[in-house]
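A look at the structure
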Amino acid sequence: MENGTPIRILYMEDDPGLVRLFEKRMAKKGYLISIAPNGREGLRMFSEEGPFDMLLVDYQMPELNGLQVLEELMTIDPRPAVIMLTGAGNEEIAVESMKKGAYDYIQKDIDGRYFRLLPIVIEESVKRYRMEAEKRRMQQELKKYAQELERSNKELQQFAYVVSHDLKEPLHTIQGFAKYIEETYGEDLDEQGNEFLGYIIEGTQRMERLIEGLLEYSRVKFKGIKLKDIDSGALVDNVVKDLKATIDKRSAKVTYEALPTIRGNERQLNRLFQNLIDNAIKYCRDRKPQVHIRAEKQENAWQFSVQDNGIGIDPRYGEKIFAIFQRLHSKEFTGDGLGLAICKKIVENHRGEIWVKSRYGEGATFYFTIPDRVKHIS
Ligand code: ADP
């Protein structure tokens, strides 16, 4: 065979004359051939001396005939590749063999075509068999990988939950006592003492926000969340209402075109739009923020975009910003670096993708896709 690996054939044939002829004619093809003189021996050899790429099974054998051998072979997982060798004019047997799962059949007519056709049929069948085996191997690998990923995701989620949950308690103790010191001994402390105490209180408040964010991040669940048809236009209407105070404060303008009905989880999608619109308004320096949302139909998904006229993002950091706690403008703008990480998790939960296109100083457009057929999130 072209790819170099010799083909291993198990040939079940009770006629020594045909076996000799077969070996002689096939010798120059480089096949590795094992001969079984009957079906029972053939089945034994298959299980003990394999693996074989191809099984040639003569239909007419004593004890077990070729079809009976085939039936036995088809119970094995994965099914081996079998070519049935029938006598001339045995069309029914040939059809029956194919129905029972043989790869192919060939009639042993004696006018010389048999040995010319045999290598072609063998090589075609082996090619198919090896491709199927490779596909099976890849599917198994993929399955293993998906299981491993799911396990580590679960572990990470649990870890984030436990850590953030447990951190709250000592934090509240620090907060409580810092406040107590401020109230009870504040007057006894000099200016610097009060300033430092202020830093402690501020620090604990920030830490509390981070912990809350981490908890929220770990709660964006993968499994068992409810999906339904969602009018994304109505959803964005609601998000804009919720953000009214922010929008008014910044005199921002949020516009959107007709938005489609999509399949997803309402709470999560609500959070997604809220984070993106909120950022679009926040990361804008001198101008009045203008945010525009649109959706475009693609072959198997809706692609949404949230465009702003803000400070933009250096393309070098286009991926980094979706990681947890990653912020580019920590001095100038307040935030915890969790919003986009949550967005990414939500979009990936819906089997979509999220990315940003931007240049620093020229506004940013965040894109995400929601596939049409997210049946259940598992
Ligand atoms: P946060 O806003 O709390 O910092 P995010 O995860 O939402 O956290 O965003 C991460 C970082 O990405 C932000 O700190 C900011 O630097 C950048 N960023 C997010 N959205 C925008 C935007 N629309 N324009 C410019 N920069 C943005």
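For the structure, check the block above.
What comes next is a walk through the structure.

In space, the five strands of this open sheet follow the order 2-1-3-4-5, with parallel pairing throughout. For this open sheet the edge positions go to strand 2 (32-36) and strand 5 (104-107), each flanked by a neighbour on one side alone. Taken pair by pair, the neighbouring strands of this sheet meet at an average axis angle of 20°, ignoring direction. Here helix 1 (residues 16-26) sits on the sheet and contacts strand 1 (8-12), strand 2 and strand 3 (54-58); the angle it forms with strand 2, its principal contact strand, is near 175°.

Inspection of the region around the ligand gives 20 residues, with Asn279, Tyr283, Arg327, His329 and Leu340 positioned closest. In this structure, an oxygen atom belonging to the ligand sits 3.0 Å away from a main-chain N or O atom of Leu328. Contacts to the ligand include Gly337, whose backbone N or O atom sits 2.9 Å from an oxygen atom. For the ligand, whose accessible area on its own is 530 Å², the fraction buried by protein is 97%.

Within the fold, Arg327 resides in the loop between strand 10 (301-308) and helix 10 (339-349). Of the side chains with opposite charge, Asp336 comes closest to the buried, unpaired Arg327, at an N-O distance of 6.5 Å. A distance of 2.9 Å separates a polar atom in the side chain of Arg327 from the backbone oxygen of Phe333. At 3.3 Å, the side chain of Arg327 and the backbone oxygen of Thr334 are in polar contact. The residues contacting Arg327, other than those within four sequence positions of it, are Tyr283, Phe333, Thr334, Gly335, Asp336 and Gly337.

Here five strands make up an open sheet; going across it, the order is 7-9-10-12-11 and the pairing mixed. Of all strands in the sheet, those bounded by a partner on one side alone are strand 7 (253-256) and strand 11 (354-358). Along the sheet, successive strands turn relative to each other by an average axial angle of 20°, direction set aside. Pairing analysis gives seven bridges linking strand 9 (residues 290-297) to strand 10, with the strands arranged antiparallel. Bridged to Arg294 within strand 10 is Ser305. The sheet strands contacting helix 9 (residues 266-282) are strand 7, strand 9, strand 10, strand 11 and strand 12 (364-371), and the helix crosses strand 12 at an angle near 170°.

Before going further, it helps to spend a moment on a nonpolar patch on the surface. On the surface, Phe177, Tyr180, Ile181, Tyr185 and Leu189 cluster together to form a nonpolar patch covering roughly 490 Å² of accessible area. Structurally, Ile181 can be placed in helix 5 (residues 113-185).

Our next topic: the state of the cysteines. Here a disulfide denotes a covalent bond joining the sulfur atom of one cysteine to the sulfur atom of another. For the coordinates displayed, the defined rule picks out zero disulfides. Between Cys284, a free cysteine, and Cys343, which holds the nearest cysteine sulfur, the sulfur-to-sulfur gap is 18 Å. Taking the relative accessible area as the measure of exposure, Cys343 reaches 0% and is therefore buried.

The rules we used
- Residues numbered from 1 in each chain as written.
- Predicted model: local features only at pLDDT ≥ 70, side-chain atom pairs only at ≥ 80, totals over all residues.
- Heavy atoms only, no water.
- Pairing = 2+ DSSP bridges.
- Helix = DSSP H or I, 4+ residues; strand = E, 2+ residues; numbered from the N terminus.
- Axes fitted to C-alpha atoms, helices over the stretch in contact; angles between N-to-C directions.
- Contact = heavy atoms within 4.5 Å.
- Near = heavy atom within 4 Å.
- Polar contact = N/O pair within 3.5 Å; in protein donor to acceptor, adjacent residues only side chain to side chain.
- Areas by Shrake-Rupley, 256 points an atom, 1.4 Å probe, with all protein chains shown as cover.
- Buried < 20%, exposed > 50% of the residue type's maximum accessible area, 1.4 Å probe, protein only.
- Lys, Arg positive; Asp, Glu negative; His and termini not counted.
- Salt bridge = Lys/Arg side-chain N within 4 Å of Asp/Glu carboxyl O.
- Patch = residues over 30% accessible without salt bridge, like charges linked within 9 Å, V, L, I, M, F, W, Y side chains within 5 Å.
- Disulfide = S-S within 2.5 Å.

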